[in-house]
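# Fold and contact review
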Amino acid sequence: MRREQVSLVSAAAISASDLDHAFQLQLAEAIQASLSPNAAGPSSPSLLELEPSSDLSHALALQVADLARAEQERRDAQTCRAAHARSTASVRVAAHDALFARELAAIPEHRWAHDGDYFERPLDPNSFSAGPLFRVLFKGMASDQVVGPRDRDPGVAVLAAALCGPHGEVVLRVQKPVVGGQGQEVLQAMALLEGLDAALALGISSINVLTDHNLLYNYMLGVWRPTEQKLSDMINQALLVRKKFKQCEISLVAQSQVSYVVKLAREAIDVQIAKSRARNAMERRETCTICLEDADITKVHAVEGCAHRFCFPCMKEHVKVKLLNGMLPGCPRHGCTTKLSVEGSKVFLSPPLLGIMAQRIRERQIHPSQKVYCPYPKCSALMSLSEVVHPMQESCSRYSVADAATLRKCVKCRGSFCISCKVIWHDRMTCYEYKRRCPYARPEDAKLQNLAEQRLWRQCVKCKHMIELAEGCYHMTCVCGYEFCYTCGKAWKDKKATCSCLLWDERNIIRNRRR
């Protein structure tokens, strides 16, 4: 059945071609006869037989002959136009039938068995007088480049269409961004709809749609049917819009013939990528809750453990103040107890501050009663009592058993020192003799002690830190955690004083306004 239909359509196309050839021969003979000298008509001799009695009569005779000749030429031209229109219609029918025959021959056997009875290609009778033919070019294009702040953000996609006049001039250009993540066929169908809608908006009734996309071309001809529902709906919509034109042809062409619209699509892609990057640059800024300034997201630190976010300058200043006050820095958020780590603070702290921070963390990890500092000025390493090196632990020790009671070595510089006096090792001298001869380990200690007595400073009995009361009550809390009375030095227990001293002095509570 299918082969019979294909052969009938092909025979009809050949017959139409033969009839057109015969008509062209008859038309040529008629034109040749009209141009012969004897084709002037029966009225011409009577007009030429008039005697030229005067110049006026001769001029009138010439004018009448010219008018007759012009009328005959008008009729001949009208006859030629009608013949040309009939010939064009015949050729168009033959071309339509030949194209339909090729489409039927290209249909696979399994699709013909299923849908063969439903294929039709009616010839629109209005297409013979559709007016000037415009060309519609379209292209949908997507970029694989990620322009969002996250890797999973979709790329950029655009639709481009161009409407060209009968002489190739560009009448209208369309460049439109769409949401990324669309399939290639869907983008092409969307671009086709943009081009068809643009032609309808301009009142154009005759168009030729050019495409280099083979799948979409076969979808529009009905040779293939899309399996995706979204694409199928868009193809059906394009077919409905196509019926609104008096003439709408679809041609599959090489990519070089749609290079102009491809260029438009690429230009639109570049513009959208630039806009997305500029927009992302604005979106990649965050307001710090401390300074209330907008900072680049790459210059904002998220505290480990609580994820509270602050800009680098505020974090650095916060940590610096805490370290200078002998405190272990934590999250700046009020009420948050998360402590900062050295590793997490490397992005915004300088190496000297990182060293101080590591020292503070080390001090907090060791109990105040177990802290030992190396007495050598160039070392001053912090150790615990369990970490210091005992001289008897070394196989080649030159010290006596009596020295083993107080002699220790630094784990860093390996220098010997007295664990009782906290000074450099006093060889051949007991601790009592050394303290009697040298009440102060260093000259600076004597000056510090005199200054402390003048300023009424207190020394923590646990960690030996010197403490000054600048303002506030007499309840003091050392950096090591020890609580005591600033007046007498007695300890506080369970947040209560063990002495009867005054808790505060108004001179230390109320500041002088003139200061």
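- Labelled according to an unreviewed UniProt entry, the protein chain appears under the name RBR-type E3 ubiquitin transferase, originating from Eragrostis curvula.
- Quoted verbatim from the Cofactor (unreviewed entry) field of the UniProt record, the comment on the protein chain reads "Zn(2+)".
- Under the UniProt heading Sequence similarities (unreviewed entry), the entry covering the protein chain gives this text: "Belongs to the RBR family. Ariadne subfamily."

### Focus: the overall build of the protein chain
- Across its full length, the protein chain holds 13 helices and 20 strands.
- In the protein chain, which comprises 515 residues, the proportion classed as buried is 35%.
- Contacts spanning at least 24 positions in sequence make up 52% of the contacts within the protein chain whose residues lie at least 6 apart.
- Entry remark: accessible area of the protein chain is about 32900 Å², with carbon and sulfur atoms responsible for 54%.

### Description of the packing of aromatic side chains
- This structure, assessed with the given rule, holds 2 aromatic pairs.
- Measuring from ring centre to ring centre gives 6.2 Å for Phe312 and Phe348, while their planes differ by 40 degrees; the resulting arrangement is tilted. Of this pair, Phe312 sits in helix α9 (residues 312–324) while Phe348 sits in the loop between α9 and α10 (351–365); the two residues are 36 residues apart in sequence, bridging distant segments of the chain.
- Accessibility expressed as a relative area gives 16% for Phe312, which makes it buried.
- Residue classification places Phe348 among the buried residues on the basis of a relative accessible area of 6%.
- Here Tyr482 and Phe484 contribute two aromatic rings whose centre-to-centre distance is 5.7 Å and whose plane-to-plane angle is 20 degrees, an arrangement assigned as stacked.

### Details of the nonpolar core
- In this structure, Leu192, Leu196, Ile207 and Val209 are the most contacted members of the largest nonpolar core, which totals 36 residues.
- If you list the elements that add at least two residues to this core, you get β1 (134–142), β2 (157–164), β3 (170–178), α5 (184–201), β4 (206–211), α6 (214–221), α7 (229–242) and β5 (247–252).
- Among the elements that make up this core, the one with the highest residue count is α5 (10 residues).
- Ignoring anything within four residues of it in the chain, the contact list for Val209 reads Val136, Phe138, Leu192, Leu196, Cys248, Glu249, Ile250 and Ser251.

### What to know about the pattern of salt bridges
- For the structure on display, the rule yields 9 salt bridges.
- The structure contains a network of salt bridges with shared partners spanning Glu71, Arg74 and Arg75.

### Overview of the packing of α6 against α7
- Viewed as axis vectors pointing N to C, α6 and α7 meet at an angle of 60 degrees, and their least axial separation amounts to 10 Å. It follows that α6 is oblique to α7 by the angle criterion. Remark: the crossing between α6 and α7 carries right-handed chirality. Where α6 approaches α7, its residues Leu216, Tyr219 and Met220 are matched on the opposing element by Leu231, Ile235, Ala238, Leu239 and Arg242.
- Grouping the amino acids of the contact of α6 with α7 by side-chain chemistry returns 7 nonpolar, no polar and 1 charged.

### Quick notes on the sheet that holds β3
- Spatial strand order, β3-β2-β1-β4-β5: 5 strands in an open sheet with mixed pairing. Strands with a single pairing partner mark the edges of an open sheet, and in this sheet they are β3 and β5. Each neighbouring strand pair of the sheet contributes to a mean axis angle of 20 degrees, computed without reference to strand direction.
- Its contacts with the sheet place α5 against β1, β2, β3 and β4, and it is angled at close to 145 degrees to β1.

### Regarding the sheet that holds strand β13 (residues 416–418)
- The 3 strands lie next to each other as β12-β13-β14, forming an open sheet whose pairing is antiparallel. On the outer flanks of this sheet lie β12 (407–409) and β14 (423–424), each paired with one strand and no other.
- Here β13 pairs with β14 via 2 bridges, running antiparallel. In the strand pairing of β14, Cys418 is matched with Val423.

### Section: unusual backbone geometry
- Unusually for a residue other than glycine, Leu292 sits at a positive phi of about 60 degrees.
- Structurally, the position occupied by Leu292 is in the loop between β6 (285–287) and β7 (294–296).
- You will see that Ser380, though not glycine, has its phi angle at about 55 degrees, which is positive.
- Counting through the fold element by element, Ser380 comes out in the loop between β10 (371–373) and β11 (382–384).

### Some words on the packing of α5 against α7
- One can describe the packing of α5 onto α7 by two numbers: an axis separation of 10 Å at closest approach and a directional angle of 20 degrees. Classified by the angle their axes make, α5 and α7 are roughly parallel. Between α5 and α7 lies a crossing of left-handed hand. Judged by residue contacts, Glu185, Val186, Ala189, Met190, Leu192, Leu193, Leu196, Asp197 and Leu200 of α5 engage Lys230, Leu231, Met234, Ile235, Gln237, Ala238 and Val241 from α7.
- For the contact of α5 with α7, a count of residues per class yields 12 nonpolar, 1 polar and 3 charged.

### Details of empty space enclosed by the protein
- On inspection of all chains with the given rule, the structure shows 3 cavities of 30 Å³ or more.
- There is about 40 Å³ of room inside the largest cavity.
- Lining the largest cavity we find His301, Val303, Glu304, Lys339, Leu340, Ser341, Gly344 and Ser345.
- Considered class by class, the residues forming the lining of the largest cavity number 2 nonpolar, 4 polar and 2 charged.

### Focus on α5
- The terminal C-alpha atoms of α5, which comprises 18 residues, lie 26 Å apart, in line with the 26 Å expected from a rise of 1.5 Å per residue.
- Burial in α5 covers these residues: Val186, Leu187, Gln188, Ala189, Met190, Ala191, Leu192, Leu193, Gly195, Leu196, Ala198 and Ala199.
- Packing partners of the buried residues in α5 comprise β1, β2, β3, β4, α6 and α7.
- Positive backbone phi, approximately 75 degrees, marks Gly203, located one or two places after α5.

### Considerations on the environment of Leu193
- The residue Leu193 is located in helix α5 in this model.
- Through-space distance from the C-alpha of Leu193 to that of Met234 is 8.2 Å; in sequence the pair is 41 residues apart.
- Residues within four places of Leu193 in sequence aside, it is in contact with Met234, Gln237, Ala238 and Val241.

### Brief notes about the confidence of the model for the protein chain
- In the predicted model, the protein chain carries a mean pLDDT of 78, and 76% of its residues have values of at least 70.
- In the predicted structure, residues 37–52 sits below a pLDDT of 50 and forms 6 contacts with residues beyond four places in sequence or in another chain.

Rules used throughout
- Residues numbered from 1 in each chain as written.
- Predicted model: local features only at pLDDT ≥ 70, side-chain atom pairs only at ≥ 80, totals over all residues.
- Heavy atoms only, no water.
- UniProt positions renumbered as here; feature names shortened; annotations may be inferred.
- Helix = DSSP H or I, 4+ residues; strand = E, 2+ residues; numbered from the N terminus.
- Buried < 20%, exposed > 50% of the residue type's maximum accessible area, 1.4 Å probe, protein only.
- Contact = heavy atoms within 4.5 Å.
- Areas by Shrake-Rupley, 256 points an atom, 1.4 Å probe, with all protein chains shown as cover.
- Phe/Tyr/Trp six-rings, centres within 6.5 Å; stacked < 30°, edge-to-face > 60°.
- Core = buried A, V, L, I, M, F, W, Y, C linked by side-chain atoms within 4.5 Å.
- Salt bridge = Lys/Arg side-chain N within 4 Å of Asp/Glu carboxyl O.
- Axes fitted to C-alpha atoms, helices over the stretch in contact; angles between N-to-C directions.
- Parallel < 35°, antiparallel > 145°, perpendicular 65-115°, else oblique.
- Left-handed = near helix turned anticlockwise from the far one by under 90°.
- Nonpolar A, V, L, I, M, F, W, Y, C, P; charged D, E, K, R; others polar.
- Pairing = 2+ DSSP bridges.
- 1 Å grid on protein atoms, 1.4 Å probe; cavity = no way out; pocket = protein on both sides within 12 Å on 5 of 7 lines; lining within 4 Å.
- Points joined across faces, edges and corners; volume = space filled by probe spheres on them.
- Expected span 1.5 Å × (residues − 1).
- pLDDT = per-residue confidence, 0-100.

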